[in-house]
Amino acid sequence: MIERTARGAKTLPGEYYTSESIYEEETERIFTKRWLYVGRASDVSEPGHYFLHNMDKESIILLKDEQHSIRAFFNVCRHRGTRLCTEARGRFSQSIQCPYHAWTYSLDGRLIGAPNMHEVKTFNKEEYPLRDVAVATWEGGVFMNLAESPEPFENAFAPIVNKYKQWHLSELQVAHRRTYDVAANWKLILQNYSECYHCPTLHPHLNRLTPYRDSSNDLEAGPFLGGPMRLSGNNESMTMTGRSCAPTLGEVSGTDLKQVYYYVIFPNMLLSLHPDYVLVHQVQRQAPDRCRVVCDWLFHPEAISHPDFDPGDAIEFWELTNKQDWHVCELSQQGVASRAYTPGPYSDLESMIAAFDREYLSALGMSG
Amino acid sequence: MIERTARGAKTLPGEYYTSESIYEEETERIFTKRWLYVGRASDVSEPGHYFLHNMDKESIILLKDEQHSIRAFFNVCRHRGTRLCTEARGRFSQSIQCPYHAWTYSLDGRLIGAPNMHEVKTFNKEEYPLRDVAVATWEGGVFMNLAESPEPFENAFAPIVNKYKQWHLSELQVAHRRTYDVAANWKLILQNYSECYHCPTLHPHLNRLTPYRDSSNDLEAGPFLGGPMRLSGNNESMTMTGRSCAPTLGEVSGTDLKQVYYYVIFPNMLLSLHPDYVLVHQVQRQAPDRCRVVCDWLFHPEAISHPDFDPGDAIEFWELTNKQDWHVCELSQQGVASRAYTPGPYSDLESMIAAFDREYLSALGMSG
Amino acid sequence: MIERTARGAKTLPGEYYTSESIYEEETERIFTKRWLYVGRASDVSEPGHYFLHNMDKESIILLKDEQHSIRAFFNVCRHRGTRLCTEARGRFSQSIQCPYHAWTYSLDGRLIGAPNMHEVKTFNKEEYPLRDVAVATWEGGVFMNLAESPEPFENAFAPIVNKYKQWHLSELQVAHRRTYDVAANWKLILQNYSECYHCPTLHPHLNRLTPYRDSSNDLEAGPFLGGPMRLSGNNESMTMTGRSCAPTLGEVSGTDLKQVYYYVIFPNMLLSLHPDYVLVHQVQRQAPDRCRVVCDWLFHPEAISHPDFDPGDAIEFWELTNKQDWHVCELSQQGVASRAYTPGPYSDLESMIAAFDREYLSALGMSG
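No experiment lies behind these values; they were computed from the predicted model shown.

Colleague: For this particular structure, what's the right way to read the interface of chain B and chain A?
Modeller: Size of an interface: often given as the accessible area lost when the parts come together. Chain B puts 31 residues into the contact, and the matching count from chain A is 29 residues. Area buried by chain B at its contact with chain A is led by Tyr197, Arg339 and Pro345 of chain B, which between them contribute 25% of it. Where chain B touches chain A, the interface holds five salt bridges. Here arginine 213 of chain B ties to glutamate 119 of chain A by a salt bridge, and the two come within 2.4 Å at their closest N and O atoms.

Colleague: Explain the sheet that holds strand E1 (residues 36-40) of chain C to me, please; I cannot follow it from the model alone.
Modeller: Either a parallel or an antiparallel arrangement is found when strands of a sheet pair, and the pairing is made through backbone hydrogen bonds. All names here are of chain C. The strand order E1-E10-E9-E4-E3-E2-E5 describes an open sheet built from seven strands, whose pairing is antiparallel. Strands at the two margins of the open sheet, each flanked by one partner only, are E1 and strand E5 (89-91). Direction aside, the axes of adjacent strands within the sheet are offset by 30° on average. Direction of pairing for strand E4 (residues 70-74) relative to strand E9 (residues 132-138): antiparallel, over a ladder of two bridges. Across the sheet, residue alanine 72 finds its bridge partner in E9, namely valine 133.

Colleague: Looking at this structure, I do not really get the interface of chain C and chain B. What am I missing?
Modeller: Contact residues are listed per partner, giving 31 residues for chain C and 29 residues for chain B. Summed over both sides, the interface of chain C with chain B buries roughly 2,600 Å², with 52% coming from carbon and sulfur. Across the chain C-chain B interface, the total number found is five salt bridges. Put simply, the parts of the chain that give the side of chain C that touches chain B at least two residues each are helix H4 (186-193), helix H5 (199-202) and helix H8 (312-336) of chain C. Residue contributions to the side of chain C that touches chain B peak at six residues, all from H8 of chain C. The residue makeup of the side of chain C that touches chain B, split by class, is 13 nonpolar, 12 polar and six charged.

Colleague: What is the right way to read the relation of the copies chain C and chain B from this model?
Modeller: In summary, the two copies of the chain are related to each other by a rotation about an axis coupled with a shift along it. The two copies are related by a screw motion: chain C maps onto chain B through a turn of 120° and a shift of 0.0 Å along the axis, at an RMSD of 0.0 Å. Taken together, the rotation and translation describe the operation of a three-fold axis. Taking C-alpha positions as the reference, the residue of chain C nearest the rotation axis is glutamate 20 of chain C, at 9.0 Å.

The rules behind the values
Residues numbered from 1 in each chain as written. Chains lettered and ligands numbered in written order. Predicted model: local features only at pLDDT ≥ 70, side-chain atom pairs only at ≥ 80, totals over all residues. Heavy atoms only, no water. Contact = heavy atoms within 4.5 Å. Buried area = accessible area lost by both parts, 1.4 Å probe. Salt bridge = Lys/Arg side-chain N within 4 Å of Asp/Glu carboxyl O. Pairing = 2+ DSSP bridges. Helix = DSSP H or I, 4+ residues; strand = E, 2+ residues; numbered from the N terminus. Axes fitted to C-alpha atoms, helices over the stretch in contact; angles between N-to-C directions. Nonpolar A, V, L, I, M, F, W, Y, C, P; charged D, E, K, R; others polar. Least-squares fit on C-alpha atoms with pLDDT ≥ 70 in both.

Everything listed is a geometric property; what it means functionally is a separate question.
Structure representation (structure tokens):
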């Protein structure tokens, strides 16, 4: 075990969880600049398949185009600003047509039809493509970046781009998805995930499978933070029974069969790797005091197609744990809004939150 | 057909649909300065009859006084500010009494009773009449103006005051009233009404009755905008069947039997004239992203009293059309709030929106 | 009867009932400086018993400690700000434990357990007690003060500290409690309570028991305002029947058997003394246009334990009166938000409101 220390750090001041102006600052400096996890590539497996990603007042269309590339566009018609589609997921047949005046866009975003606009002499279809958004895929996940000149994904993710090879993540499929509305600032979700100091109190069952001090971190600074926890005794995975509920993934072997790995991928993804399945949380900001969390349970398609496949043991375990976590996040949101709240001291078991806070403040342009 | 052109105009910037401060500017420069349509004179047919008109946080009492004049007062007691009445419509018996301390006002607004106030030496009942609001009636419609020195109604409405004589509008009565809550800025409702470019896509049935290009405008600038559309083939009116559902109104004759007329009456009335009935929309602002629309189907009382009278064909037609329109207005509201939205180009078929935008910006004191 | 006069005073300008900035000014100058009534000492009769008091975004724990002292603490863990408890009332078993990381506080607020924190060299448990809030009890009521150096309760309440001895208030118990959510500014509740000018109109039944002009005031300036009203005819108390519903309280005798007393105790308590029972209103601010009122019907425990005890006659009377009052308060809230509202003249029967307004403006630091 590596020696952990929070270096005397304290929790963030209350306004970081309640202020509208800091929320907007986050929009400008983080959520429209960083790569955001938005879903799985398998959510758009065929040309025309799409899903919508909502963030604050924005709606983004993620789709697979005719060349089998994943693309992202603002869900806003270039004519009068109308939302082009409202169903959370579905399939376009070769083009996207605005329901108002039938302006029509190809799946790569070009305006290909604009009835009657030929009468307007100054009008040129080429000037009105859908506003596009940068997209990258990595390990089966889809990421988008709203910046005009985003940092290349490979740069941004260089520290971890090859880190999870043995789980064969890109092969996995969603066996279960659950969406939670949480009355807490998004950072409280990530901070909660970054420590197991709360596990003996809040998650007694989890704490039997992975005793809270049997953990270490292999990424201790920057936008990617986390590391392994050891499974105790004969336990094989994080499930209600402690047993695996699917064959071992990919090339997982050796000590990785007795460990689970937890990583914060700044700013909105949590990656939890088990020997037999993978859990991914996507955190969507909605207001200073509100967020939505989408949680995917990923299994190998061969496991899923097996007649005896039953992921219930893993689903029940994390549904229970998620609910316990969101409840205390909501209690924290209430308390940090108090005039009596002042930053409190982190334990050394919370060293990863201290690292998260530093990265967050740095991303905001604060010295921390 | 007159040659239409939007002269290269583009849609309004997003803040006009979302900003609280522009909303307040509209309050000061438009909604407390211009004549607003608030209902039908037939809604207050007898002395004492009243209805309430709500606008933002204001409530206005519209009533018929003992001299059979229609009057309007703020629904606010001069003693401690209490709302005098809360029922949307009803009848006062000779006076208006505050439910709190029984201060009592005559139907022409004078304070005629104030228990115990004779003990206050400086008190003079004549100083505390209800605050009144200017009222005008025209073609059976009631209009109010919250300005302290309003422009005379006859001045303001001079361009159209005699325009609709042949429909005998003042004789008509409300056969059906429907109220809609729409999650869209009020201007999106008026802009939607100002063009039929969307008809082929959104209203295929309407477009068969009045093909979208068979239209022209006889009022092309200023606060009154609109003109006729031609009924196709054997169609007689805007109904589900295309048949009339009542005898021809007043002195409507000649080409007017084969046309319908649509007018925006700035800032909150839409007037739709058919050979056999008239539709009036009243648009009430509620918030930057919310309004209420009250829609009246007006028929001649002789038609209404006929045993075979059935306005269902007209009601169903416009209920369908209204819902289709409000839906796209709500989609536009969502899109124009996006950071990706920028003003888009109007087609020449949207020349009346461009004229509306110019009038609106001018009313706001902007050069446009 | 003392001669009453409102001295020509007028009602407060509308912004005092609607403005967010005045609301915050009230927070700083009144609600975090003055002694607030929060409940009955009998609500925390045994060590460990507690109840929560909510005010705006704050939650305060009121409890009885091991030494049988009543104490108050902000409901905020010193570690990461988490709410310590959420149940409105209950019992702690010797300590208060945070549900997140099990930081544990004694009932007198000391941090007595902080797992793993011994590893943090700079950490000292004594630096992290719960943030405490000043508490006082008087006549069976519990009061708190959020100021850092509050004015001593005995000072603040000197004018009335011995005023109500003959009712033996501290012996009384809550026979019935009712909570009301009212869509009105908190001051409208207190102003409504301060006059009976509205009684003939709004409370015809009450007005028969205590005719509105048969009243006087024995506290006419400052934070405590009010006085007696005479019971008419054979009436014995404020009940539906006019009969007493319990034996006479304490040493009440003589003319007090034919009177009821009403006092505003600034800023959030209303005290209504009857010969046989006492009514206490607690007014909780929630927003400029919203408050919560908790109403207790207090009786002597001997009366309560009598097999024939039936407080229904008193409960029904004040439930009816409360609802009538809250309704007109809500109507006033709507009206004073109007652009047409301007301060209106008080009658001399409203002299106590004028006194309340002066005290309120003075507390806000305004000259009035």
